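Observations on chain architecture
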Amino acid sequence: MSPLLTVAAETENPLVPPIPELVIGLIAFVIVFGFLAWKLLPNINKVLEERREAIEGGIEKAEAAQTEAQSVLEQYKAQLAEARHEAARLRQEAQEQGATLIAEMRAEGQRQREEIVAAGHAQIEADRKAAASALRQDVGTLATELAGKLVGESLEDHARQSRVIDRFLDGLDEAASKAEATR
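Sequence order as written defines residue numbering, which begins from 1 separately in each chain. The predicted nature of this model means local features are confined to residues of pLDDT at least 70 and side-chain atom pairs, given and counted, to a pLDDT of 80 or more, with totals for whole chains, interfaces and linings taken over all residues. Calculated side-chain values reflect all of the structure's heavy atoms, with hydrogen atoms and water omitted.

This next bit is on the overall build of the chain. A helix here means a DSSP run of H or I that spans at least four residues, while a strand means a run of E at least two residues long, and both kinds are numbered starting from the N terminus. A count of helical and extended segments in the chain gives three helices and zero strands. For the chain, the α and β elements follow one another from N to C terminus as α-α-α. For the chain, the proportion of its 183 residues judged to be buried stands at 4%. Accessibility throughout is a Shrake-Rupley quantity obtained with a 1.4 Å probe, and a residue counts as covered only by protein chains that appear here. Counting every atom, the chain has about 16,100 Å² of accessible surface; 63% of that belongs to carbon and sulfur. Per-residue accessibility, obtained with a 1.4 Å probe over protein chains only, is compared with the maximum for each type, and a residue is labelled buried under 20%, exposed over 50%, and partly exposed between these values.

Below, the structure is given as structure tokens:
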């Protein structure tokens, strides 16, 4: 054999530990693992179980909250639809009332206009009659004076004066009526 091989056979492999150390390490590992399993494993399992229950409870609470939120949303949507319907109904009523009010106001305005026009016509007719009467009296007085100057005698008698004036004005009215009829 070669000198190198003899040296290698005499020295131990550094990667393989000696057997007594291996046995002592294995016994220490089993003791530590047993102690940890006996003391820590129940606490770890308890914490994991609490966490699992909390997660499941949270999920259930979340599902309950989601269900409640969904029902509240549906109620809100129903109330919103009802409010929109009510607003549309109120808007329609307001439009109808506005149209009715406008029609009433127009009718009232028309009635007032007709009253004002009728009152104006009545006032004009009264003024025309008053003016015609005053004019008739003035024309009569002037005609009597003029006739008295032409005839040379006084026509101061009221009865005679009234008859003369009435005949003269009646003649003028007839002439005016004939002129309007020919037009």
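A surface patch of nonpolar side chains, about 790 Å² in accessible area, is lined by Val32, Phe35, Leu36, Trp38, Leu40, Leu41, Ile44 and Leu48. Note that Phe35 resides in helix α2 (residues 19-151). Overall, the relative accessible area of 47% leaves Phe35 in the partly exposed class. Residues enter a patch when their relative accessible area is above 30% and they make no salt bridge; the linking distance is 9 Å between like charges and 5 Å between nonpolar side chains (Val, Leu, Ile, Met, Phe, Trp, Tyr). Here, a salt bridge means any side-chain nitrogen of Lys or Arg that lies within 4 Å of a carboxyl oxygen of Asp or Glu.

Right, let's talk about the packing of aromatic side chains for a bit. Each Phe, Tyr or Trp ring, with Trp reduced to its six-membered ring, pairs with another whose centre is within 6.5 Å; inter-plane angles below 30 degrees give stacked pairs, above 60 give edge-to-face pairs, and intermediate values give tilted ones. According to the stated counting rule, one finds two aromatic pairs in the structure shown. Aromatic pair Phe29 and Phe33: ring centres 6.0 Å apart, planes at 20°, arrangement stacked. With Phe29 and Phe33 both in helix α2 and four residues apart, this pair spans about one turn of that helix. Classification of Phe29 by relative accessible area gives exposed; the value is 54%. You can call Phe33 exposed: its relative accessible area is 53%.

Turning to the confidence of the model for the chain, a few remarks are in order. Predictor confidence is given residue by residue as pLDDT, running from a minimum of 0 to a maximum of 100. The predicted model of the chain averages 84 in pLDDT, with 87% of residues at 70 or higher. Looking at the elements of the chain, mean pLDDT is at its lowest for helix α1 (residues 3-10), recorded as 51, and at its highest for α2, recorded as 89.

Inspection of the entire model under this criterion finds seven salt bridges. With a closest N to O distance of 2.2 Å, Glu86 and Arg89 form a salt bridge. Of the two residues, Glu86 and Arg89 both sit in helix α2, three residues apart, roughly one turn of that helix. Classification of Arg89 as partly exposed rests on a relative accessible area of 34%. Across the pair Arg111 and Glu115 runs a salt bridge whose closest N-O atoms are separated by 2.2 Å. With Arg111 and Glu115 both in helix α2 and four residues apart, the pair spans about one turn of that helix. The class of Arg111 is partly exposed, set by a relative accessible area of 36%. Connected through salt bridges with shared partners, the residues Glu49, Arg52 and Glu56 form a single ionic network.

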